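# Survey of secondary and tertiary structure
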Amino acid sequence: AYLFRLREFINFATMGKVHGSLARAGKVKGQTPKVEAQEKKKQPRGRAKKRMQYNRRYVNVVTGMGGKRVGPNSNADKMK
């Protein structure tokens, strides 16, 4: 039992570091230039939002290769 615990301890002691040091935390966010948020048109609420979702999902269905439905962030329709 002692050797088994010793082996576990050695494995634990020699495990690699996973996420790097905290000195570099937020490096990319800090060096990215700030862009002010643009004003957007307000989203419809209630019944109007449900209507918009229905039309987007079932009426104006965009299909890609093989007849599969294409996600909202896909550039498949721009490839044609």
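The sections below set out a description of the structure shown in this document. Counting starts from 1 at the beginning of each chain's written sequence and moves along it residue by residue. Only residues with pLDDT of at least 70 are given local features in this predicted model, and only at 80 or more are side-chain atom pairs given and counted; all residues enter the totals for whole chains, interfaces and linings. In computing side-chain values, all of the structure's heavy atoms are included and hydrogens and water are not.

## A short note on the overall build of the protein
When you go through the protein residue by residue, the secondary structure sums to 4 helices and 0 strands. Helices (α) and strands (β) of the protein occur, in sequence order from the N terminus, as α-α-α-α. Accessible area is worked out with a 1.4 Å probe on protein chains only. A residue is then buried under 20% of its type maximum, exposed over 50%, and partly exposed in between. Buried residues in the protein amount to 0% of all 80 residues. Strands are runs of DSSP state E lasting at least two residues, helices are runs of H or I lasting at least four, and both sets are numbered from the N terminus onward.

## With respect to a positive patch on the surface
Together, K41, K42, R45, K49, K50, R56, R57 and R69 make up a region of like positive charge exposed at the surface. With respect to the element layout, R57 can be found in helix α3 (residues 47–59). Classification of R57 by relative accessible area gives partly exposed; the value is 47%. Patches were defined on residues exceeding 30% relative accessible area and lacking a salt bridge, with like-charge contacts within 9 Å and nonpolar side-chain contacts (Val, Leu, Ile, Met, Phe, Trp, Tyr) within 5 Å. Note on areas: Shrake-Rupley with a 1.4 Å probe; residue coverage comes only from the protein chains shown. The term salt bridge refers to a pairing of a side-chain nitrogen on Lys or Arg with a carboxyl oxygen on Asp or Glu at a separation within 4 Å. Here Asp and Glu are counted as negative and Lys and Arg as positive; His is not counted, and neither are the chain ends. Where a charge sits is defined by one atom per residue type, namely NZ (Lys), CZ (Arg), CG (Asp) or CD (Glu).

## So, the packing of aromatic side chains
Classification of ring pairs uses Phe, Tyr and Trp, with its six-membered ring standing for Trp, and accepts pairs whose centres are within 6.5 Å; under 30 degrees between planes counts as stacked, over 60 as edge-to-face, and the remaining range as tilted. All told, the structure shown has 1 aromatic pair when counted by the stated rule. Measuring from ring centre to ring centre gives 5.6 Å for Y54 and Y58, while their planes differ by 45°; the resulting arrangement is tilted. Taken together, the residues span about one helical turn, with Y54 and Y58 both in helix α3 at a distance of 4 residues. The exposure class assigned to Y58 is exposed, which follows from its relative accessible area of 55%.

## Considerations on the environment of V61
Looking at the element boundaries, V61 is found in the loop between α3 and α4 (76–79). Judged by relative accessible area, V61 falls into the partly exposed class, the value being 36%. Separated by 10 residues in sequence, V61 and G71 place their C-alpha atoms 9.9 Å apart.

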